[in-house]
Amino acid sequence: MDAQSLDFHPTSLYLGAVLHLNPGSMKPPRKLHIKSYGCQMNVYDAQRMVDTLAPEGFVETASAEDADLVILNTCHIREKASEKVYSELGRLRVAKDEAAREGRTMQIAVAGCVAQAEGEEIVRRAPVVDVVVGPQSYHHLPELLKRAGDEGRAIETEFPAEDKFGFLAQPKPDAIRARGISAFVTVQEGCDKFCTFCVVPYTRGAEVSRPVAKILDDVKRLADNGVRELTLIGQNVNAYHGEGPDGKSWPLGKLLERLAQVPGIARLRYSTSHPRDVDDSLIAAHRDLDSLMPFVHLPVQSGSDRILAAMNRKHTADDYRRVIDRFRTARQGIAFSSDFIVGFPGETEQDFRATLALVAQIGYAAAYSFKYSARPGTPAADMQETVSPAEMDQRLERLQELIDSQQSAFNKAAIGTTVDVLFERAARNAGQIVGRTAYLQPAHVIASADIVGQILPVRIGSLERYSLLGELVTQHPAHAPALSPIATGA
Ligand code: SAH
Ligand code: SF4
Ligand code: F3S
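Residues numbered from 1 in each chain as written. Chains lettered and ligands numbered in written order. Predicted model: local features only at pLDDT ≥ 70, side-chain atom pairs only at ≥ 80, totals over all residues. Heavy atoms only, no water.

1. Brief notes about unusual backbone geometry
The phi torsion of most residues other than glycine is negative, and most of the peptide bonds are trans. Which entries qualify depends on this criterion: Where helices and strands are cited, they refer to DSSP runs of H or I of at least four residues and of E of at least two residues respectively, numbered from the N terminus. Think of it in three bands: with a 1.4 Å probe and only protein chains considered, a residue is buried below 20% of the maximum accessible area for its type, exposed above 50%, and partly exposed in between.
Here the amide bond leading from S271 into T272 is cis, since omega sits at 0 degrees, within 30 degrees of zero. Looking at the element boundaries, T272 is found in the loop between β13 (267-271) and α10 (280-288). One non-glycine residue, N312, lies in the positive phi region at around 60 degrees. Along the chain, N312 falls in the loop between α11 (305-310) and α12 (317-330). Residue L440 is not a glycine yet carries a positive backbone phi of 70 degrees. Looking at the secondary structure, you find L440 in the loop between β18 (432-436) and β19 (442-446). L440 gets classed as buried once you look at its relative accessible area, which sits at 10%.

Here is the structure:
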């Protein structure tokens, strides 16, 4: 899988220049450039910001230089991620000066988790910023831009009482179609877990679940406009407990079961889940729903119980193993990805070896690993850091080597098998169409573009880096799912 297919990786995205002006308002078009870092939630939020600004006359542009409004949608998860904002703002200062020389006004807004965490500090460090807006206030953007125009600056990092989802604009049909056949839908936001290393409970606030009826409306609109694959997203998505149409609280498994019935939706995924919130409804969904993909991102962070306790994960390595076993019993061929942190305060060589042992035992299709980064305001920031930078580098390298070997064995196991691929778009190489397997592996075939949106069996011939290359199976597919020794835990 490529590095951007899961969450929290820097994604600089251009959402597609979609012209959907409100003809009633007839405001002159203004150009908007939005750049997102961090997790899938930011990708989703960027789309909602574009949709909310469209009636104000904003149209997307691929370059920051000619934009009337630049939004940096930021991530605070590690120091490196959040420092990126300031180097980007340095570049934008030059672009803003240049625009002023040409007689244009460029507004610069900082959104996302750095905006929430640092608030006014951002304008102190970078006076070029006109608007700072936290993740719970995106529906106020039009008003904040106006206020910044009138008063020189606007900062909003409150957690407003109203539900922003009720106020954020939904995409018009042409915008949905321009974004392709795979869509994210936020079903849950925020986190009440308070892992000691993590900023998310502070930047995104307390857990909130959207009502089932609202999610269904969004999903039907997406499906009516060509979306075939949904990824339900939330910082803690399996803590979902939204109000159902029966007035009761629905768990994620029940929501998935309902969404699987929406005509047109062929594949369902969800991210990111927490091992402690895996309940019977989710396991049953994996057992019963063909459209629920057998690939689960289930971060564990460490294989050492001592470190897991210090991280406040509230589960042990054995608890995690048991959760994995429940998934495997329910669904043949299910595969997993995870996140790991190396060098957490107090992590010894023995603790780190417990992480390696857990990885070796579980066998992942993919995983992300990070060096611990102390974040201001989190409990772990007050803990004594005991692992030297050199030792951290070395542990990261050892862990990544093991993960890489598992990932490459998993991908190689697909060679020679026939797998279902949902085709997404024309590939960069002329004549090729690219799609994804159930395990999110990119798969390329030579075919005509009319297969986009279809799920077709592909005979995999080879592997090039992380991409599978194959041929469409045109005859009757007597295919079996691609099972690898790693995926089955054998
Ligand atoms: N909600 C998800 C994770 C969100 S953050 C979960 O509970 O698993 C994504 C990943 O970033 C985390 O899984 C963790 O591995 C990593 N991460 C978070 N805070 C970090 C920190 N302070 N230093 C290094 N990595 C961190
Ligand atoms: Fe952060 Fe832990 Fe919440 Fe995940 S569960 S978002 S790591 S506090
Ligand atoms: Fe980053 Fe905020 Fe997501 S800190 S990982 S953008 S929730």
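2. Some thoughts on the site of ligand 3
Rules: When we say a residue is near a molecule or strand, we mean one of its heavy atoms is within 4 Å of it. Throughout this entry, Asp, Glu, Lys and Arg are counted as charged residues, while Ala, Val, Leu, Ile, Met, Phe, Trp, Tyr, Cys and Pro are counted as nonpolar. The remaining residues, Gly among them, count as polar.
Taken together, C39, N42, T74, C75, H76, I77, C113, R204 and Q235 form the complete shell of residues around ligand 3. Broken down by class, the residue content of the shell around ligand 3 amounts to four nonpolar, four polar and one charged.

3. Thoughts on the packing of aromatic side chains
Counted only if it meets this: Centres within 6.5 Å are what make two rings of Phe, Tyr or Trp a pair, Trp counting through its six-membered ring; a difference in plane orientation under 30 degrees is then read as stacked, over 60 as edge-to-face, and the rest as tilted. Only when the NZ of Lys or the CZ of Arg is both within 6 Å of the ring centre and within 35 degrees of the ring normal is a charge said to sit over the ring.
As enumerated under the stated definition, the model contains seven aromatic pairs in all. Between F327 and F336, the aromatic rings sit 5.7 Å apart at their centres with planes inclined by 65 degrees, giving edge-to-face as the arrangement. Where F344 meets Y372, the ring centres are 5.4 Å apart and the plane angle is 70 degrees; that geometry is what we call edge-to-face. Of the two residues, F344 sits in the loop between β15 (335-342) and α13 (349-362) while Y372 sits in the loop between β16 (366-371) and α14 (389-412), which places them 28 residues apart along the sequence. Each member of the pair, F344 together with Y372, is buried. Sitting over the ring of Y44, R48 keeps its end group 4.8 Å from the ring centre. The ring of Y86 has R125 sitting right over it, with the charged end atom 3.6 Å from the ring centre.

4. Describing the nonpolar core
Selection criterion: Residues grouped as a nonpolar core are buried Ala, Val, Leu, Ile, Met, Phe, Trp, Tyr and Cys residues, joined through side-chain atoms within 4.5 Å. Note on definitions: a residue-residue contact is assigned when non-hydrogen atoms from the two residues lie within 4.5 Å.
Core analysis: the biggest nonpolar cluster contains 52 residues, and L230, L232, L256, Y270 and F327 have the highest contact counts within it. For this core, the leading source of residues is helix α8 (residues 212-224), giving six residues. Filtering out sequence-adjacent residues up to four positions away, L256 remains in contact with L232, L268, Y270, L282, A285, L289 and L292. In terms of nonpolar packing, the next biggest core, distinct from the first, is built from 24 residues, Y86, L89, V114 and V123 among them.

5. Details of α13
Operational definition: One less than the residue count of a helix, multiplied by 1.5 Å, gives the span that helix is expected to have. Arc definition: it is the arc formed by the directions from the helix axis to the C-beta atoms.
With 14 residues, α13 should cover 20 Å at 1.5 Å per step; its first-to-last C-alpha distance of 20 Å lies within 8% of that length. Those residues of α13 lying buried are D351, F352, T355, L356, L358, V359 and I362. Looking straight down α13, one finds its buried side chains confined to an arc of 160 degrees; they lie on one side. Residues of α13 that are exposed and point over 90 degrees away from its buried face: Q350 and R353.

By themselves, these are just geometric observations and shouldn't be taken as functional.
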